[in-house]
Amino acid sequence: MKRFSTLVFVLLVLTLRGNNCPAALIALYEFNGSTVDSVRGSAGAGTVTGATAYAAGVTGQAFSFNGSTYFRAPVAGAGLSAFSFSAWVKFNSMTQWGTIVKNWGQQPGTFHLGLDNRSPNISNYMGLSSGTPFVISGVLNTNTWYHVGVAFGGGTQNLYINGVQVNSGTATGTINNRYADMTMGVKLNDAQNAPATDPGWLNGYLDDVAFFDNKLTAAEMLNVYNSGATSGGSIADNYAIPEPSAVSLLVAGFGALLALRRRRGAV
């Protein structure tokens, strides 16, 4: 009976964990006067090269990029079979290959999201062992805030603008593991210590830049968009539901186990 009860308890805990683990935030940079990771996760503070400047954002403040500043976040995506990214972006001008976020160099890396060479379109390139599949959006305008999201996993990559999927494509293979950081505002060289010689500067603003450890569903991406667009809140307030702690799982599992034992006549 004790072994059976223990097995039931373990299964209950695993079931509770499986039912309460949506995609978790790796990092969220709200840029409200700080470059520190503001939500739980393993990423931590980013590093700014160049002048640090802020402007009015979608929620609070946004980080300003003007062709001489870039921001490095210690998030690669490498090693994950699925992940997602979202950000609010406003362009002052449509610079060729203007970088929202990249893990790239002269050699293909993990990830590119930004303006394409066919500006003013946004493109997402995935650096995979099978090649570099990409998806591209329709035309965007300057001086307008857009929410841009990418969800990768299960053999596909999905591109979202303002919470609506605008393109999807096949993306199979393992993620390249070439560079350590995600960079906002510029494409770096292979050594990842200076801007690359080819275009890549962003002239504009970023706000509420988020990285997730799994592929968001369409409904989840819409929720992320709505958290800033309709409520004026941030993802930290409206989306990021913390995973249940080990203690809460044990308490819930123990309570369920006691209820089961009572039903079986055990006290």
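Preceding this section is the structure that the text describes.
Predicted model, so just to flag it, every value in this text is computed and none were measured.

Position of tyrosine 205 relative to the elements: it lies in strand β15 (residues 203-212). Judged by relative accessible area, tyrosine 205 falls into the buried class, the value being 17%. The spatial distance from the C-alpha of tyrosine 205 to the C-alpha of valine 89 is 5.6 Å, given a sequence separation of 116 residues. Aside from chain neighbours lying at most four places away, what touches tyrosine 205 is Ala55, Ala62, Phe63, Ser64, Trp88, Val89, Lys90, Asn92 and Trp145.

This part takes up the packing of aromatic side chains. All told, the structure shown has 15 aromatic pairs when counted by the stated rule. Ring geometry for phenylalanine 63 versus phenylalanine 71: centroids 6.1 Å apart, planes at 50°, classification tilted. An angle of 55° between the planes, with centres 6.3 Å apart, marks the rings of tyrosine 70 and tryptophan 201 as tilted. Here tyrosine 70 is found in strand β5 (residues 70-73), whereas its partner tryptophan 201 is found in the loop between β14 (182-184) and β15, with 131 residues between them in sequence. On the basis of relative accessible area, tryptophan 201 is assigned to the partly exposed category, the value being 27%. One aromatic cluster in this structure is built from Tyr29, Phe31, Tyr54, Phe63, Phe65 and Phe71.

The end-to-end C-alpha distance of helix α2 (residues 218-229), which contains 12 residues, comes to 16 Å, matching closely the 16 Å that a straight helix rising 1.5 Å per residue would cover. Looking at α2, one finds that the buried residues are Met221, Val224, Tyr225, Ser227 and Gly228. Taken end-on, α2 shows its buried residues confined to a sector of 155°, consistent with a single buried face.

Criteria and cut-off values
- Residues numbered from 1 in each chain as written.
- Predicted model: local features only at pLDDT ≥ 70, side-chain atom pairs only at ≥ 80, totals over all residues.
- Heavy atoms only, no water.
- Helix = DSSP H or I, 4+ residues; strand = E, 2+ residues; numbered from the N terminus.
- Buried < 20%, exposed > 50% of the residue type's maximum accessible area, 1.4 Å probe, protein only.
- Contact = heavy atoms within 4.5 Å.
- Phe/Tyr/Trp six-rings, centres within 6.5 Å; stacked < 30°, edge-to-face > 60°.
- Expected span 1.5 Å × (residues − 1).
- Arc of directions from axis to C-beta.

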